[in-house]
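Residue-level listing of the chains:
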Amino acid sequence: MRRYFVLSVVACLTYSLVAPLLSIAMIDIPSTTAVFLSNSVMLGTVGAVIIVRKLPIRPYLSHRYSPHILAMGCLLAVGLLSYYRALALGPVSVVVPIFGLFIVISSFVGILAFEEAVTPRKVAAIAASVLAIVLMAI
């Protein structure tokens, strides 16, 4: 089995628990504080992985794609703050499917910006995804 497939399944299963756990935690913890605390854990964990694997960081600080990473960090911050706040205010069963539209939007970006192939199967899958998300969110 391909490693990316296994990692994708692990990512899916672990990330699937994020919204329900956040929804419970944010009964008493403000959403912005939850973003800070959860991402502090993430930063510490990733930092430990970098140290253990002896991965370099310095060469990438001035890499030609570093601005892309910085922009992505800004977008991720806005996205996480918005997502956590939405989970604090609304039901998981509505917020998560709407948030899940990022899959459809990312697919369009891949097709438009990177000229990825458009096949009837991809079009059908994107349409089915939108339909599923709409049906779950209403």
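Residues numbered from 1 in each chain as written. Predicted model: local features only at pLDDT ≥ 70, side-chain atom pairs only at ≥ 80, totals over all residues. Heavy atoms only, no water.

- The name given to the protein in an unreviewed UniProt entry is EamA family transporter, with Natronorubrum aibiense as the source organism.

1. Description of the overall build of the protein
Turning to step 1, where the next piece is worked out: If you tally the helices and strands in the protein, you get eight helices and zero strands.
Turning to step 2, where the next piece is worked out: Put simply, the protein runs from its N terminus to its C terminus through helices and strands in the order α-α-α-α-α-α-α-α.
Turning to step 3, where the next piece is worked out: With the C-alpha coordinates aligned to their principal axes, the bounding extent of the protein is approximately 45 × 45 × 30 Å.
Turning to step 4, where the next piece is worked out: Out of the 138 residues in the protein, the part that is buried amounts to 15%.
Turning to step 5, where the next piece is worked out: Only carbon and sulfur atoms are counted for the fraction: they give 75% of the accessible area of the protein, which is about 10800 Å². (Helix = DSSP H or I, 4+ residues; strand = E, 2+ residues; numbered from the N terminus. Buried < 20%, exposed > 50% of the residue type's maximum accessible area, 1.4 Å probe, protein only. Areas by Shrake-Rupley, 256 points an atom, 1.4 Å probe, with all protein chains shown as cover.)

2. Overview of a nonpolar patch on the surface
Turning to step 1, where the next piece is worked out: On the surface, a cluster of nonpolar side chains totalling about 750 Å² of accessible area is made up of Met 1, Tyr 4, Phe 5, Val 6, Val 9, Val 10 and Leu 13.
Turning to step 2, where the next piece is worked out: Assignment of secondary structure puts Leu 13 in helix H1 (residues 3-15).
Turning to step 3, where the next piece is worked out: With a relative accessible area of 55%, Leu 13 lands in the exposed category. (Patch = residues over 30% accessible without salt bridge, like charges linked within 9 Å, V, L, I, M, F, W, Y side chains within 5 Å. Salt bridge = Lys/Arg side-chain N within 4 Å of Asp/Glu carboxyl O.)

3. Some thoughts on the UniProt feature "transmembrane region" (unreviewed entry) in the protein
Turning to step 1, where the next piece is worked out: The feature "transmembrane region" (unreviewed entry), as annotated in UniProt, sits at residues 35-53, 65-86 and 92-114 in this numbering.
Turning to step 2, where the next piece is worked out: The distance separating the terminal C-alpha atoms of residues 65-86 is 31 Å; by composition the span is 95% helix and 0% strand.
Turning to step 3, where the next piece is worked out: Structurally, residues 92-114 is divided into 87% helix and 0% strand, and its ends, taken at the C-alpha atoms, are 33 Å apart. (UniProt positions renumbered as here; feature names shortened; annotations may be inferred.)

4. Examining the domain arrangement of the protein
Turning to step 1, where the next piece is worked out: In terms of domains, the protein is made up of domain 1 (1-90) and domain 2 (91-137).
Turning to step 2, where the next piece is worked out: For domain 1 versus domain 2, the distance between C-alpha centres works out to 21 Å.
Turning to step 3, where the next piece is worked out: Between domain 1 and domain 2 the total buried area reaches about 540 Å² when both faces are included, carbon and sulfur atoms providing 86% of it.
Turning to step 4, where the next piece is worked out: Interface area lost by domain 1 to domain 2 is led by Tyr 83, Leu 87 and Gly 90, which between them contribute 63%.
Turning to step 5, where the next piece is worked out: The tally of links between domain 1 and domain 2 comes to zero salt bridges.
Turning to step 6, where the next piece is worked out: The interface formed by domain 1 and domain 2 holds zero residue pairs in polar contact (both at pLDDT 80 or more) in total.
Turning to step 7, where the next piece is worked out: Where the side of domain 1 that touches domain 2 is concerned, the elements lending two or more residues are helix H2 (18-25) and helix H5 (66-89).
Turning to step 8, where the next piece is worked out: Residues of the side of domain 1 that touches domain 2, tallied by class, amount to five nonpolar, two polar and no charged. (Domains from an automatic or database assignment. Buried area = accessible area lost by both parts, 1.4 Å probe. Polar contact = N/O pair within 3.5 Å; in protein donor to acceptor, adjacent residues only side chain to side chain. Nonpolar A, V, L, I, M, F, W, Y, C, P; charged D, E, K, R; others polar.)

5. Focus on the packing of helix H6 (residues 92-99) against helix H8 (residues 120-137)
Turning to step 1, where the next piece is worked out: At a minimum axis distance of 8 Å, the contact between H6 and H8 shows a crossing angle of 160°. On the basis of their axis angle, the class for H6 and H8 is roughly antiparallel. Seen along the crossing, H6 lies across H8 with a hand that is left-handed. Of the residues in H8, those touching H6 at Ser 93, Val 94, Pro 97 and Ile 98 are Ile 133, Met 136 and Ala 137.
Turning to step 2, where the next piece is worked out: Of the residues belonging to the contact of H6 with H8, the class tally is six nonpolar, one polar and no charged. (Axes fitted to C-alpha atoms, helices over the stretch in contact; angles between N-to-C directions. Parallel < 35°, antiparallel > 145°, perpendicular 65-115°, else oblique. Left-handed = near helix turned anticlockwise from the far one by under 90°. Contact = heavy atoms within 4.5 Å.)

6. Quick word on the nonpolar core
Nonpolar side chains tend toward joint burial in soluble globular proteins.
Turning to step 1, where the next piece is worked out: The biggest cluster of nonpolar side chains holds 10 residues, and these are Ala 19, Leu 22, Met 26, Ala 34, Val 35, Leu 80, Tyr 83, Tyr 84, Leu 87 and Val 95.
Turning to step 2, where the next piece is worked out: Within the residue set of this core, elements represented by two or more residues are H2, helix H3 (31-53) and H5.
Turning to step 3, where the next piece is worked out: Take this core: its biggest share by element is four residues, from H5.
Turning to step 4, where the next piece is worked out: With residues up to four places along the chain from it excluded, the contact list for Ala 19 reads Tyr 83, Leu 87, Val 92 and Val 96. (Core = buried A, V, L, I, M, F, W, Y, C linked by side-chain atoms within 4.5 Å.)

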